[in-house]
Amino acid sequence: MTEFVQAGEVRIAFDRAGQGPALLLMHGAEASRQMFAGLVPHLAKQFTVIAYDQRDCGETEAPERAVTLADLANDAQQLVKALGLKRAHVFGSSFGGRVAQALALLHPRAVDRLVLGSTWPLPRPYEELCPDARRLAELRRGLPGTAEELATWFFPEAFLAQRPELRRVFVAARPETARSARRMATVATTLPQGVADIVAPTLVLAGELDRVVPPTVTLAMAGRIRGADAVLLPAIGHVTAMQAPEVLARHMVRFLNPEGVHA
C-alpha cells in the first residue's frame, strides 16, 4: 500500500515492507519505485525496505521547478528523518546510484552501507564516460516510437525473448512533457565532490551486458572508493532489479548483513 510523507517541500510516495535495518531503494532516471517490485520480497525478510519515488517520478508531489542532484539527495535525507530513522542502508540503481552517491557525500551520517548498481561516478557527466550517450539520447527523444529498440539497451536480447512484454516498457514515457523535461535536466546535474570522498562501506555492482553504463565504468568506481567491493554479474544487463532480483538480493544481503544476523 502506498504511503506518503512530507519531507520539506516534497510529498514523497513510498512503499515499506519487511522488518529489520532500514534499506532505502533509489530508482533510475526513467523509472519509479515500481521497478523494485520483484526485488523487495527478496530483501524484506531481513530489512525494512523503503522504495520511494523521486521528484518528477511516480506519485511523489513537488513544486514544478527545476531541481538538482543535491536537491534529490536532500529529499532522501529528509525522508530518512521524517520516517524517524537516524540512518539507513542505501541502494541506488543507474541514476539512482548518482542520487545515492550524492546522499553519501552531502549527508554521510544518514548512510550506513552503500550499494551502487549500474551507475557512473560523480562528478563526471554521463556523456563523458559512456561512448554511446548520443545514440541513447536520440532513442529517448524518439519515444514512444523507439520503445522497442530502447528496451534492448536496458535488457539483454535473451531476457527479452523470455519477457517480450518488456519490449514495450518505455511506451508510456512522454519525453515532451514538462515533467519529463525537468527530470532530464535534473539527471544532467552533478556535484563538485567525487566518489573518492565517500566514506560509507560500499559495494559496486555491474551487469556484464549493460549497454547503458559500460560495466568497466561502474566497476572502476570501486578503485576510487576506499575499501569498496566490486562484483561483475554475468549475463546481466542494465536493470538488474528486474532481470535478476534474486541474484541482486543475494549480493546485497551478503554485503549489508556481513555478520549473517537475521532480523
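What counts, and at which threshold
- Residues numbered from 1 in each chain as written.
- Predicted model: local features only at pLDDT ≥ 70, side-chain atom pairs only at ≥ 80, totals over all residues.
- Heavy atoms only, no water.
- Helix = DSSP H or I, 4+ residues; strand = E, 2+ residues; numbered from the N terminus.
- Buried < 20%, exposed > 50% of the residue type's maximum accessible area, 1.4 Å probe, protein only.
- Polar contact = N/O pair within 3.5 Å; in protein donor to acceptor, adjacent residues only side chain to side chain.
- Contact = heavy atoms within 4.5 Å.
- Salt bridge = Lys/Arg side-chain N within 4 Å of Asp/Glu carboxyl O.
- Pairing = 2+ DSSP bridges.
- Right-handed = clockwise from strand over helix to strand, strands pointing away.
- Axes fitted to C-alpha atoms, helices over the stretch in contact; angles between N-to-C directions.
- Parallel < 35°, antiparallel > 145°, perpendicular 65-115°, else oblique.
- Left-handed = near helix turned anticlockwise from the far one by under 90°.
- Nonpolar A, V, L, I, M, F, W, Y, C, P; charged D, E, K, R; others polar.

**Student:** Mind showing me how you'd approach the side chain of Thr119 here?
**Tutor:** Along the chain, Thr119 turns up in the loop between β6 (111-117) and α4 (126-129). You can call Thr119 buried: its relative accessible area is 0%. Reaching out from Thr119, the side chain makes a polar contact with the backbone oxygen of Ser94 at a distance of 2.7 Å. Those residues in contact with Thr119 that lie beyond four places of it in its chain are Ser94, Gly97, Arg98, Gln101, Val213, Val217, Thr218 and Met221.

**Student:** Got a minute to help me understand the environment of Val231 in this structure?
**Tutor:** When you line up the elements, Val231 lands in strand β8 (residues 229-233). Residue classification places Val231 among the buried positions, given a relative accessible area of 15%. Counting along the chain gives 28 residues from Val231 to Leu203, while the straight-line C-alpha distance between them is 7.8 Å. Those residues in contact with Val231 that lie beyond four places of it in its chain are Leu203, Val204, Leu205, Ala206, Leu219, His251 and Arg254.

**Student:** Just to check I follow, could you spell out the pattern of salt bridges for this structure?
**Tutor:** Opposite charge on two side chains makes pairing possible when the charged atoms of those side chains draw close. Evaluated as defined, the whole model comprises 16 salt bridges. Ionic pairing is found between Arg33 and Glu59, a salt bridge with its closest N-O pair at 2.8 Å. Of this pair, Arg33 sits in the loop between β3 (22-26) and α1 (40-43) while Glu59 sits in the loop between β4 (48-52) and α2 (69-82); the two residues are 26 residues apart in sequence, bridging distant segments of the chain. Classification of Arg33 as buried rests on a relative accessible area of 3%. Glu138 is the partner of Arg135 in a salt bridge, and the nearest nitrogen-oxygen pair spans 3.1 Å. With a gap of three residues between them, Arg135 and Glu138 both fall in helix α5 (residues 133-141), about one helical turn apart. Of the residues examined, Arg135 reaches a relative accessible area of 35% and is grouped as partly exposed. For Glu138, a relative accessible area of 36% translates into the label partly exposed. Several salt bridges converge on common partners, so that one network encompasses Glu9, Arg55, Arg65 and Asp75.

**Student:** Please clarify how the pairing of β6 should be interpreted in this entry.
**Tutor:** Strand residues, when the strand is regular, have side chains that alternate between the two faces of the sheet. By the criterion of burial, β6 is predominantly enclosed, with five of the seven residues buried. Inspection of the sheet shows strand β5 (residues 88-93) paired to β6 by five bridges, in the parallel sense. In the strand pairing of β6, Ser93 is matched with Gly117. Regarding the hand of the β-α-β motif, the stretch spanning β5, helix α3 (residues 95-106) and β6 is right-handed. In this sheet, strand β7 (residues 202-207) lies alongside β6 in parallel orientation, the contact comprising four bridges. Opposite Val115, over in β7, you have Leu203 as the bridge partner.

**Student:** Looking at this structure, how should I read the packing of α5 against helix α6 (residues 147-154)?
**Tutor:** The angle between the axes and the distance between the axes are what describe a pair of packed helices. One can describe the packing of α5 onto α6 by two numbers: an axis separation of 9 Å at closest approach and a directional angle of 140°. Compared by their axis directions, α5 and α6 come out oblique. Handedness of the crossing formed by α5 with α6: left-handed. On α6, the residues that touch Arg135, Leu136, Leu139 and Arg140 of α5 are Glu149, Leu150, Trp153 and Phe154. Along the lines of polarity and charge, the residues of the contact of α5 with α6 split into five nonpolar, no polar and three charged.

Such coordinate-based values are descriptive only and should not be taken to indicate function.
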